[in-house]
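Breakdown of the fold
Here's the letter readout for the chains.
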Amino acid sequence: MPRVRFWGDRIDPDLHAEFVRVAREHPVLPDPRSEEGPGMGGLILSGGGDCGAYGAGLLCGWTDRGTRPRFRIVTGVSTGALIAPLAFVGPKYDHVLRDSYTKVSAKDVLRERPILDWLTADSVGDSEPLMKMMERQFPDELVRDVAAEHSKGRRLFVQTVNLDAQRPVIWDMGAIASSGRPDAPTLFRKVLVASASIPVVFPPQYIKVEADGGTYDEMHVDGGAASQMLLSTLPVNLAEVRKELGPLAQAPAVYVIRNAFIRPEWQQVVPKIFPIAGRAISSIIKSQGRTELELMYYECKEAGIDFYLTSIPDDYQRRTDEEFDTDEMNRMFNLGYELARNGDPWKRLPPKLEKAAGSSNQPVKGGGK
């Protein structure tokens, strides 16, 4: 399948040119609920494990409020990659989005291997339950719906990491869905699972490729191994794309759903190898996420794009440290739903700049000083 993926650590001239072409050929998305109208509205869905329940709830609440835009571009990493296709095709799949984070538990996504198998296996768990869940939640019909939206000029991108190459890979999911290949739905689901496959915990996904007359298995893992959100690694220059499009009737906007806590979380760490390693990795991810938010904000300013951010509120307290606890995910889903349905979950500055400014009451418009 040619042109279905790109390296995420360099500008791809062909994809850049396609962004401009598609935006010119499809200048308006004819959806009465769209707040963006013309332009390049984007939805960025981050990683965060079971905290993806917050983003799922927010999208469903946004639908019920009646103001959810139909975004030109949707991107997802890790748990955000599992949300992204459902968000992309629209509210008709909100019931699947809801069930994905309110009716599942740890056993629905991972089966732990016997401890002795850890010595020779590629992970401590088996992701067969997750793959089966993907087959139910992302049937061939949904893949066809993604292809239909792709033909209208909309784009869906998901990030994995090619572990052998040590480079992020950006997958054009609409291009896969539109390829006409009989194995397209299988690859579509495999990429989603790969993007959410936390190294060591989940096994890598091995994607078969042909190159130089040979066939190889590429090892792909969680896109969060490169970045928690897919915008800065998108292989286009947003500022240049925006400039080439010229004046727009409305400024485009980027909405970032950070499926995580941005604030530090206190936790007494058990002085053993695995708890220490896990806590250190989670600290790296949290710091990485904060830095990426600042980078995205400045990229949006340079490109004249309005920036909106939501994350799990600082005052929310988890009641359990267990991952994929059904009751906890329902709490996070309901929180996101209520904030979107009845409140204003959006901030206009990343946390560090918000703290420096002392207030986030006034929107910060793209291109401002």
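Structure's up top.
In what follows, the accompanying structure is described.

Rules used throughout
Residues numbered from 1 in each chain as written. Predicted model: local features only at pLDDT ≥ 70, side-chain atom pairs only at ≥ 80, totals over all residues. Heavy atoms only, no water. Helix = DSSP H or I, 4+ residues; strand = E, 2+ residues; numbered from the N terminus. Buried < 20%, exposed > 50% of the residue type's maximum accessible area, 1.4 Å probe, protein only. Contact = heavy atoms within 4.5 Å. Lys, Arg positive; Asp, Glu negative; His and termini not counted. Charge placed at Lys NZ, Arg CZ, Asp CG, Glu CD. Core = buried A, V, L, I, M, F, W, Y, C linked by side-chain atoms within 4.5 Å. Axes fitted to C-alpha atoms, helices over the stretch in contact; angles between N-to-C directions. Parallel < 35°, antiparallel > 145°, perpendicular 65-115°, else oblique. Nonpolar A, V, L, I, M, F, W, Y, C, P; charged D, E, K, R; others polar. Phe/Tyr/Trp six-rings, centres within 6.5 Å; stacked < 30°, edge-to-face > 60°. Lys NZ or Arg CZ within 6 Å of the ring centre and 35° of its normal. Pairing = 2+ DSSP bridges. Expected span 1.5 Å × (residues − 1). Salt bridge = Lys/Arg side-chain N within 4 Å of Asp/Glu carboxyl O. Polar contact = N/O pair within 3.5 Å; in protein donor to acceptor, adjacent residues only side chain to side chain. Patch = residues over 30% accessible without salt bridge, like charges linked within 9 Å, V, L, I, M, F, W, Y side chains within 5 Å. Areas by Shrake-Rupley, 256 points an atom, 1.4 Å probe, with all protein chains shown as cover.

Counting its secondary structure elements, the protein chain contains twelve helices and eleven strands. Evaluated residue by residue, the protein chain yields a buried proportion of 53% over its 369 residues. Here the contacts in the protein chain between residues at least 6 apart in sequence split such that 76% fall between residues at least 24 apart. Taken as two groups, the 46 positive and 50 negative side-chain charges of the protein chain have centres that lie 4 Å from each other.

What tends to happen in soluble globular proteins is that the nonpolar side chains get buried as a cluster. Judged by nonpolar contacts, the single largest core of 66 residues is most densely connected at L43, L45, L59, M173, I176 and F188. With eight residues, the single largest contributor to this core is helix α3 (residues 79–89). With residues near it in sequence (within four places) discarded, L59 still touches L43, L45, R68, I83, A87, D94, L97 and I257. Judged by nonpolar contacts, the second largest core, of 31 residues, contains V20, V77, L238 and V241.

To continue, consider the side chain of S197. Its place among the elements puts S197 in the loop between α8 (184–195) and β8 (205–211). Ignoring any residue separated from it by four or fewer positions in sequence, one finds S197 in contact with F202, P203, Q205, V221 and D222.

Here helix α4 (residues 94–102) crosses helix α11 (residues 326–342) at 140 degrees, and the two axes come no closer than 8 Å. With respect to α11, the element α4 is oriented oblique. In this structure, α4 contributes R98, Y101 and T102 to the contact, and α11 contributes T326, M329, N330, F333 and Y337. Grouping the constituent residues of the contact of α4 with α11 by class yields four nonpolar, three polar and one charged.

On to the packing of aromatic side chains, then. Two aromatic rings are characterised by how far apart their centres lie and by the angle between their planes. Taken as a whole, this structure holds ten aromatic pairs when the rule is applied. Ring centres of F71 and Y255 lie 5.6 Å apart, and the angle between their planes is 65 degrees; on these two criteria the pair is classed as edge-to-face. With F71 in the loop between α2 (52–65) and β3 (73–77) and Y255 in strand β10 (residues 253–261), the pair connects residues that are 184 residues apart, well separated along the chain. In this pair, the class of F71 matches that of Y255, namely buried. With centroids separated by 4.6 Å and ring planes inclined at 10 degrees, the aromatic side chains of Y255 and Y308 adopt a geometry described as stacked. In this pair, Y255 is assigned in strand β10 and Y308 in strand β11 (residues 306–312), connecting sequence segments 53 residues apart. Per residue, the accessibility class of Y255 equals that of Y308, and both read buried. Feature note: the residues W62, F71, Y255, Y308 and W346 constitute an aromatic cluster, connected by ring pairs. We note R154 situated over the ring of F88; from NZ or CZ to the ring centre the distance is 4.3 Å. One Lys or Arg, R167, reaches over the ring of W7 and ends 3.9 Å from the middle of that ring.

Turning our attention to the pairing of strand β2 (residues 42–45). Residues G42 and I44 of β2 are buried on one face, and the alternating residues L43 and L45, pointing to the opposite face, are buried as well. When β2 meets β3, the two strands line up parallel, connected through four bridges. Residue pairing in the sheet places L45 in a bridge with G76 of β3. Where β2 and β10 come together, four bridges link them in parallel fashion. The residue of β10 that forms the bridge with G42 is V254.

Attention shifts here to helix α10 (residues 273–303). Compared with the 45 Å implied by 1.5 Å per residue over 31 residues, the 45 Å span of α10 between its first and last C-alpha is a close match. Among the residues of α10, those classed as buried are K286, G289, E292, L293, M296, Y297, C300, K301 and A303. In this fold, the buried residues of α10 make contact with β2, α9 (238–245), β10, β11 and α12 (351–357). G304 sits one or two residues past α10 and shows a positive phi near 70 degrees.

Overall, the coordinates contain 25 salt bridges when judged by the stated rule. A salt bridge links K107 to D108; the shortest N-O distance between them is 3.7 Å. A relative accessible area of 63% means that K107 is categorised as exposed. A salt bridge links R181 to D183; its shortest N-O distance comes to 3.1 Å. Linked by salt bridges that have partners in common, R70, E149, K152 and R154 make up one network.

So, on to the environment of T102. Here T102 shows up in helix α4. Spatially, the C-alpha atoms of T102 and A147 are 28 Å apart, while their sequence positions differ by 45 residues. Once residues lying within four places of it in the same chain are set aside, the contact partners of T102 are T326, N330 and F333. Polar side-chain contacts of T102 include one of 2.7 Å to the backbone oxygen of R98.

Moving on, we come to a nonpolar patch on the surface. Where nonpolar side chains cluster on the molecular surface, the patch consists of I198, V200 and V201 and spans about 220 Å² of accessible area. Along the chain, I198 falls in the loop between α8 and β8.

So, on to unusual backbone geometry. A positive phi is found at R3, a non-glycine position, where the angle reads about 60 degrees. Accessibility expressed as a relative area gives 41% for R3, which makes it partly exposed. Backbone geometry at Q166 places phi at a positive 60 degrees, although glycine is not the residue there. Here Q166 is to be found in the loop between β6 (155–162) and β7 (167–172).

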